[in-house]
Amino acid sequence: MLQKKLVIAMCAIFALSACGGDDNDDQSRIVLNPPEDLNPPTEEEPEEEEPGEDDSVEWLNATFDEETSVNSWEVACVSSECNATATLAYNADAQAMDVTPDFLSASDQIEISTAIEPEIADLAGGNAHLNLYVPEAYAGMVAQIFFQDASDRKGYIGYTNTTAGWNTFSVEALEAGTGVDDDFGSFGFHSEGFDLTLINRMGVQIQSAEGFPDLEGTLHIDDAIVSPEAIEVADKVVEEEPSGEEPIAGAPEEPAAGDISDHFTDDIEGWHLNGTGNTTTAETAQIALTHDAVNGALKITPKSWEANASESYRYESRIALAAATDLTNALVRMVVYIPEAYITDGSLQLQLVAGGSYGDYIPNLTAGFNTLDIDLSQRTDDLTAVETLGLQISAAPTDTSILEPILVSSFDVYLDGTVPATEISVDMTTGWRVNPTGLMMSYTADGVSYQPTAASDQLVFDPAGPLNMAGGSIDFVYEVDQTFIDSGANLQPFFQLKEYADYDYHFCWIGNADLATGEQSFTCEVPETLENGTAAQIPDGQTAQVGVQTNGGGAGTVTIKSVTIHPAE
């Protein structure tokens, strides 16, 4: 599972409806200074510091470099009715503290905290940092760091919806504000009387959600630092163990990105399961959603088919759209991999769910990769303000022991119902020319032929802009006769801009030794910048020239059978 990090800056004021934690009405303060000694000792000369001695102060520096560093950390449930807890353990491999929550309800709030040094510290103007690793199952978990003063009053920095992987909480120049009219300074909320100058604990609060009590997973805490100085910590990244897996063969070419698009290259952010009451839960008793990094896909792994017949909505993998969207004329294209066991069983059924519109079962499913096009314009439901889209497993296999993952490698929505071309197939019946113009050229049943007589004789066509070829490629299928080979000539496919770019160019090379009679193919890779430094882009209203030219001689016949242009993404 591919992991990722999220840097969450919390130097602004957060507006909260509630941050959790009980206000402590006890406004008493402890006495920090003992009574003056009536007989003070004789004043001593201060000891001189050794040269180079470090005067820096850190109130907390929990980087978990050794096993004993977890000993000072404690777990508490926020409300008196809460019985949830968490297990803390040292993780030597990650050099972090493991936190395994045991949520008992969807409303539980667990706080994990530690004392700071010295026992009481003035954190006004100070800085704080904490890294929290959240496993995929708990992606979206709400978390926030907090501080506790000597009278047990707490200040919470503000809610954050975490993502799978490492989440970094960082706050600079701490200030408590006045506490009046929602002026909480750096904090989203704090108890009345909260005193930032008398802090004795720092920690992180994690919150349960619908479905969380059924989950198992371990979080990590690392780099919990509180300091008067600026804090610099290297980004936390979890390196994936090499899986040894190879991508599944037979994947189709990636479709053009739609107006709404997810190709799951790095993550499955935003995808969750229906029926959980939130938009974050990616695992339930029925199904689990994870990221397949090897295949770049949303991995849908069934865990139990028991509820499918009566509650098939629980088997919908869905995403919330950024805003209510009119899908009346939309086309949805999904590339879905289905293991052969489901097709052999014959009972699996999938549906594209658009808000409350389910439509028919998706027909003609096959084992392997399926490119599924769902034309929403054919539905009679009101699709003018759709808020969610999803893929539902509406009918389980008859053999309920089949629990193999189904993969979605791309999910695209084309609002106008048109899929843009991801490649350009060049017309082989018109638009070609030769240079110099006196050469013989003809259109044949096989394509376009010409008869070069010397070096640099060209057969070309003129693609129009706008077209970005910087990093793109051009596929040529061609054929040369024996006379051309015997002439010793080489063949050069090429891409060339025109006068607006001083005819900047890129030539590829097919050496004479690589030529043979019969059909051959060659891909000419176009670099981002051409030979003289111009970007390989055809501007709007301009054309380029693409084709082949001879090098080192010329005779006989060259036939171009097809040309396919693959623009840069």
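Keep in mind that this is a model prediction, so the values were computed, not measured.

Calculation notes
- Residues numbered from 1 in each chain as written.
- Predicted model: local features only at pLDDT ≥ 70, side-chain atom pairs only at ≥ 80, totals over all residues.
- Heavy atoms only, no water.
- Pairing = 2+ DSSP bridges.
- Helix = DSSP H or I, 4+ residues; strand = E, 2+ residues; numbered from the N terminus.
- Axes fitted to C-alpha atoms, helices over the stretch in contact; angles between N-to-C directions.
- Core = buried A, V, L, I, M, F, W, Y, C linked by side-chain atoms within 4.5 Å.
- Buried < 20%, exposed > 50% of the residue type's maximum accessible area, 1.4 Å probe, protein only.
- Contact = heavy atoms within 4.5 Å.
- Salt bridge = Lys/Arg side-chain N within 4 Å of Asp/Glu carboxyl O.
- Phe/Tyr/Trp six-rings, centres within 6.5 Å; stacked < 30°, edge-to-face > 60°.
- Disulfide = S-S within 2.5 Å.
- pLDDT = per-residue confidence, 0-100.

Trainee: How do you make sense of the sheet that holds strand E23 (residues 386–395) when you look at a structure like this?
Mentor: Spatially, four strands are ordered E16-E19-E23-E21 in an open sheet, and the strand pairing comes out antiparallel. The open sheet has two free edges, formed respectively by strand E16 (271–273) and strand E21 (349–354), since each of these has just one partner strand. Each neighbouring strand pair of the sheet contributes to a mean axis angle of 30°, computed without reference to strand direction. Note that E21 and E23 share six bridges and pair antiparallel. Bridging from a neighbouring strand, Gln349 pairs with Ala395 of E23.

Trainee: What exactly am I supposed to notice about the nonpolar core here?
Mentor: As a rule of thumb, soluble globular proteins bury nonpolar side chains together. Counting 48 residues, the largest nonpolar core has Ile112, Leu123, Leu130, Leu132, Phe147, Ile206 and Ile221 as its most contacted members. Put simply, the parts of the chain that give this core at least two residues each are strand E2 (60–62), strand E5 (96–102), strand E6 (109–115), strand E7 (127–134), strand E8 (142–149), strand E11 (165–171), strand E13 (199–207) and strand E14 (219–227). Apart from the residues lying within four places of it in its own chain, the contact partners of Ile112 are Trp73, Glu74, Val75, Leu88, Met97, Val99, Phe146, Gly203, Val204, Ile206 and Ile221. Of all hydrophobic cores here, the second largest spans 41 residues; its members include Ala307, Leu321, Leu327 and Ile393.

Trainee: Got a minute to help me understand the environment of Gly203 in this structure?
Mentor: Along the polypeptide, Gly203 turns up in strand E13. Classification of Gly203 as buried rests on a relative accessible area of 0%.

Trainee: Please explain the sheet that holds strand E36 (residues 545–551) as it appears in this structure.
Mentor: Strand pairs in the sheet, formed through backbone hydrogen bonds, run parallel or antiparallel to each other. In spatial order, the strands read E26-E29-E36-E32-E33; together these five strands make up an open sheet with antiparallel pairing. Both outer strands of the open sheet, strand E26 (432–435) and strand E33 (505–507), are each paired with one neighbouring strand and no more. For this sheet the average axis-to-axis angle between neighbouring strands, irrespective of direction, equals 25°. Taken together, the three bridges between strand E32 (residues 490–496) and E33 define a ladder with antiparallel strand orientation.

Trainee: How do you make sense of unusual backbone geometry when you look at a structure like this?
Mentor: Peptide bonds are mostly trans, and most non-glycine residues show a negative phi. Cis peptide bonds are those with omega within 30 degrees of zero, and the linkage from Glu117 to Pro118 qualifies with -5°. Residue Pro466 is bonded to the preceding Gly465 through a cis peptide linkage, with omega at 0°. Locating Pro466 in the fold gives a position in the loop between strand E29 (458–461) and strand E30 (467–468). Of note, Asp152 is a non-glycine position whose phi angle comes to about 65°, a positive value. The residue Asp152 is located in the loop between E8 and strand E9 (154–156) in this model. Among the residues examined, Asp152 registers a relative accessible area of 42% and is labelled partly exposed. Positive phi, normally seen in glycine, also occurs at Tyr503, with a value near 55°. Within the fold, Tyr503 resides in the loop between E32 and E33.

Trainee: Honestly, the pattern of salt bridges in this entry has me stumped. Any pointers?
Mentor: Opposite charge on two side chains allows them to pair when their charged atoms are near. As enumerated under the stated definition, the model contains 11 salt bridges in all. With a closest N to O distance of 3.1 Å, Arg318 and Glu316 form a salt bridge. The buried category is assigned to Glu316, whose relative accessible area is 0%. Of the charged contacts in the structure, one is a salt bridge between Lys561 and Glu519, with a shortest N-O distance of 3.4 Å.

Trainee: Even after reading the chapter, I still don't get the pairing of strand E4 (residues 85–91), so can you show me in this structure?
Mentor: Of the pairings in the sheet, the one linking E4 to E5 comprises seven bridges and is antiparallel in character. What sits directly across from Tyr90, in E5, is Met97. In textbook terms, the turn of a hairpin is the stretch between consecutive antiparallel strands, and for E4 and E5 this stretch comprises four residues, one of which, Gln95, has a positive phi near 50°.

Trainee: Please explain the packing of aromatic side chains as it appears in this structure.
Mentor: Each aromatic ring pair is described using two quantities: the centre-to-centre distance and the angle formed by the ring planes. Counted according to the given criterion, the structure contains 16 aromatic pairs. Seen from their ring centres, Phe147 and Phe187 are 6.1 Å apart, and the 80° between their planes marks the pair as edge-to-face. In this pair, Phe147 sits in strand E8 while Phe187 sits in the loop between E11 and strand E12 (189–190), placing the two residues 40 residues apart along the sequence. By relative accessible area, Phe147 is classed as buried at 0%. Relative accessible area serves as the criterion here: at 0%, Phe187 is assigned to the buried category.

Trainee: Sorry if this is basic, but what is going on with the state of the cysteines here?
Mentor: Where two cysteines share a covalent bond between their sulfur atoms, that bond is called a disulfide. Tallying each qualifying case throughout the model produces two disulfides. What pairs with Cys77 in a disulfide is Cys82, and their sulfur atoms sit 1.5 Å apart. Assigned by exposure class, Cys77 and Cys82 land together as buried. There is a disulfide in this structure between Cys508 and Cys524, and the S-S distance comes to 2.0 Å.

Trainee: Sorry if this is basic, but what is going on with the confidence of the model for the protein here?
Mentor: Keep in mind that low pLDDT regions are not for reading the predicted coordinates in detail. Residues at a pLDDT of 70 or more form 88% of the protein, whose mean pLDDT is 87. At the low end of the mean pLDDT range in the protein sits strand E1 (residues 4–9), at 36; at the high end sits E29, at 98. Note that pLDDT drops below 50 for residues 1–43; the model gives that stretch 100 contacts with residues more than four away or on any other chain. Low confidence marks residues 48–55, where pLDDT is under 50. Its contacts with residues over four positions away, or in another chain, come to one contact.

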